[in-house]
Amino acid sequence: MKLPAAPRQTDRSPSRRLLQVIGKDMRIIVFGFRPRTKQRRAVYDALLRCTKPLRIWDLYAFASGPSTFTNSDPKVRLLDEYFRLLGLSSYHASTRMIEDGSFTLSNELWRISSLNSSYTMCPTYPFALLIPRSTSDEELLQASTFRGRCRLPVITWCNRDTGAVLARSAQPLVGIMMNMRSNADEKLVAALCTQIFGSREQRRKLYIADARPRKNALANGAMGGGSESSSNYFQSEIVFFGIDNIHAMRESLVRLRDYLDTHGSTSSDGMSSFLRHGGWTWGGGNLSSMSASVSTLGDSGWLIHVQSVLAGSAWIAARVALESASVLVHCSDGWDRTTQLVSLASLLLDPYYRTIKGFQALVEKDWLAFGHPFADRAGMPSLSGSGSMPFELSRQSSTGSFSSSPSRQASGSFTSQAPATSHTQNNYSPIFLQWVDCVSQLLRLYPLAFEFSSGFLVDLLDSILSCRFGNFLCNSEKERQQAGISDSCGCLWVYMADMRASHGGYHVHYNPFYEPSKHNGPLLPPAAALAPTVWPQFHLRWACPMESQAGELEAQCRNMSKRFTELQKAKEETDARVKETTATMESLAAELRNEKVISTSAKELASRATRESAAIKRALQSLGCKVHFSGDGDRTVGIESNPTEIPQKSVYFSSKEESAGSGVSNEKSELSVSVTVLADDVSNNPINRFCESLCPLHTREGGCRWPDAACAQFGSQFVGLKANFDAFDRLSIYDRYFQPE
């Protein structure tokens, strides 16, 4: 790196030798070394060995050893996505299903073909293809020879409700005269346009979307490629989107990076844009410098390219959603611009792809399985040990350098040709980065429609560029299988899922504003809304660190949501405790009411028993007896004479009835009655007078020999009185007062 010419007064300062490191993540680092040393060359060679190894086995994903984030078979996940598209979610793919070939399921319109299971028909296509049910495997094999790289038209997304499909392919090999045709290809494309549901005769319209500018398509015709003719394909319309090739995208990103480094708050030379050129205001100090800065951003062309991809994808989604039309998308090779358009259109059409799990399925299907050359586009080595032109699976550049007769070559037998220009020597291009940038623009337009956040997209790109995982190595599914990627390298998706599991639903990958019910259908942005801006979380994080913190609002909302959830959980726990306490109080109140009823009943029984006792007492007292009720368990009946004349005698009767041989008393008879009969004066007592006239044992002296001689008559009366007391005891007054246990 050469320093710009410095003012004359700084000539005395020692010169510096600099090493500039430009990262794919928009970061630029400059190291300064002492002069007349070999440190800079040693550091440069070390960095070069690490960043551009000669063999794929020297990449960090292989050299780091076994990973804790083991990778399952991506073929299984691809089949599960096919089953979902066909409406066969009850089926679950497995390795055994792949080995025995039993994955060729179908519905009324489409089926899964195993024709490419060994990658003999198309080395850059997946092992399983989704095609129209009416098309046979023989017709597929014939149609593949008419498309570049044998990448024939196949279905990448379908709508079971309307029958519309989204298909992809490479350019047709129509030749320099643009007059070559293929009946098998035309029949296959026509099969994509099934009849509209509810109509027996009307067939849906077919749009053939060519991602290239029209002039580029015509130029490819001179080398054997070209574009379709609407007259050869029934009820079709050809549309050109005018998206530039990989080389224009690479140069555009370089200009954007230079713009950010020059006009950012933190530049690689250590000078802020506020102080550049001696100015103290924005961009250098005057309006002309401001205009020049804005012009430089526009000249980079990055935002224009992003807008072109967004507009093309929105147009495709609108045709499928509004007209129920089928759309076939292709560019030159069908793995760069085609992948951008079909995957972004699928994201707009299907809400499932706007979830984290669905986004993974979308990337694995349209980018990995359908052969986007990640190794070439990222500048990494492939199986042959070269990052630019693999030997085993040679590729042509997107400009299309076909051999003399590409339409007649066998599948997978394209010969590698020596690159003629510097463009063909460098196949690096930020195609996937540009697509993720488009996704971030949609996330900005529809913040409620996506489960994942912008931080998830940034971590995805950083994980891909870190070379820690094997998901995005090599150029195709076939190459990754040959290299044993799934067995030897860690899985990026498992790593990111583990990150989210550590923080639950409040991880930075989750969008706190996500409401799936708001956008449960296709997203159809109007053209006026497709005005992209620089992606701050990715493009500005090194040049403008403060301004790149656009996720602070999401972080605050995420913290508030977490706090709200905690409070809501605490409220639910409190409500549960309140309900439990309320139930306990109600139970106690019910018991208290029952006790009150029992107490009232006991009081009534006690009052009744008191009245009965008083009546009995009065009845006995009328006979000249004294009655005593006690609670000691005994009933006492005493008959006493006048203590001055007749000694007092008492007779006791126990109310306890002993059980035979057990001696256990009846606990219910606790009321005791004490009856005492007193003999009054003989002359005044009517009983004595009765005895004087009737009792043979009455003495002439006026005494009574009944206590000693057991007066029969009075004894019989006493026996009757005792019988009355026994009957009174059987009233079970205890049971009337108290309930038994």
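Everything quoted here is computed from the prediction, not taken from an experiment.

Conventions and cut-offs
- Residues numbered from 1 in each chain as written.
- Predicted model: local features only at pLDDT ≥ 70, side-chain atom pairs only at ≥ 80, totals over all residues.
- Heavy atoms only, no water.
- Axes fitted to C-alpha atoms, helices over the stretch in contact; angles between N-to-C directions.
- Helix = DSSP H or I, 4+ residues; strand = E, 2+ residues; numbered from the N terminus.
- Parallel < 35°, antiparallel > 145°, perpendicular 65-115°, else oblique.
- Left-handed = near helix turned anticlockwise from the far one by under 90°.
- Contact = heavy atoms within 4.5 Å.
- Nonpolar A, V, L, I, M, F, W, Y, C, P; charged D, E, K, R; others polar.
- pLDDT = per-residue confidence, 0-100.
- Expected span 1.5 Å × (residues − 1).
- Buried < 20%, exposed > 50% of the residue type's maximum accessible area, 1.4 Å probe, protein only.
- Polar contact = N/O pair within 3.5 Å; in protein donor to acceptor, adjacent residues only side chain to side chain.
- Phe/Tyr/Trp six-rings, centres within 6.5 Å; stacked < 30°, edge-to-face > 60°.
- Lys NZ or Arg CZ within 6 Å of the ring centre and 35° of its normal.

A. Summary view of the packing of helix α10 (residues 302-323) against helix α11 (residues 337-349). Look at α10 against α11: their axes get within 8 Å of each other, and the N-to-C directions meet at 55°. What the angle tells us is that α10 and α11 run oblique. In the crossing of α10 with α11, the sense of the turn from one axis to the other is right-handed. Only Gln340, Leu341, Leu344, Ala345, Leu348 and Leu349 of α11 make contact with α10, whose side of the interface consists of Val309, Leu310, Gly312, Ser313, Ala314, Ile316, Ala317, Val320 and Ala321. Counted by class, the contact of α10 with α11 contains 12 nonpolar, 3 polar and no charged residues.

B. Here's a closer look at the confidence of the model for the protein. Confidence along the protein averages 80 in pLDDT terms, with 72% of residues attaining 70 or more. Within the protein, α11 carries the highest mean pLDDT (98), whereas strand β12 (residues 649-653) carries the lowest (42). Of the regions scoring below 50 in pLDDT, residues 1-11 engages in 5 contacts with residues more than four places distant in sequence or in other chains.

C. Summary view of helix α3 (residues 74-86). The terminal C-alpha atoms of α3, which comprises 13 residues, lie 19 Å apart, in line with the 18 Å expected from a rise of 1.5 Å per residue. α3 sits mainly inside the fold: 11 of its 13 residues count as buried. With a side-chain oxygen lying 3.1 Å from the backbone nitrogen of lysine 75, the N-terminal cap of α3 falls on aspartate 73. Where α3 ends, the next residue or the one after it, glycine 87, has phi of about 80°, a positive value.

D. Inspection of the packing of α10 against helix α15 (residues 431-445) at higher detail. In contact at an axis separation of 10 Å, α10 and α15 are set at 75° when each is read in the N-to-C sense. For the element pair α10 / α15, the angle class is roughly perpendicular. Only Gln434, Asp437, Cys438, Gln441 and Leu442 of α15 make contact with α10, whose side of the interface consists of Trp302, His305, Val306, Val309 and Leu310. The class makeup of the residues in the contact of α10 with α15 is 6 nonpolar, 3 polar and 1 charged.

E. Representation of the packing of aromatic side chains within the structure. In this structure the tally under the stated criterion is 23 aromatic pairs. Seen in terms of ring centroids, tyrosine 207 and tryptophan 315 are 5.2 Å apart; in terms of plane orientation they differ by 85°. Their pairing is edge-to-face. In this pair, tyrosine 207 is assigned in strand β7 (residues 206-210) and tryptophan 315 in helix α10, connecting sequence segments 108 residues apart. Since its relative accessible area comes to 5%, tyrosine 207 is described here as buried. Between tryptophan 367 and tryptophan 435, the aromatic rings sit 5.4 Å apart at their centres with planes inclined by 55°, giving tilted as the arrangement. Here tryptophan 367, found in helix α12 (residues 356-369), pairs with tryptophan 435, found in helix α15; they are 68 residues apart in sequence, far enough to count as distant. Under the relative-accessibility criterion, tryptophan 367 is labelled buried at 0%. These aromatic residues form a ring-pair network of at least three members: Phe359, Trp367, Phe374, Phe432, Trp435, Phe450, Phe452, Phe456, Phe472 and Trp493. Of note, arginine 84 hangs over the ring of tyrosine 353, and the distance from its end group to the ring centre comes to 5.2 Å. The cationic tip of arginine 319 hangs over the ring face of tryptophan 315; the distance from NZ or CZ to the ring centre is 5.1 Å.

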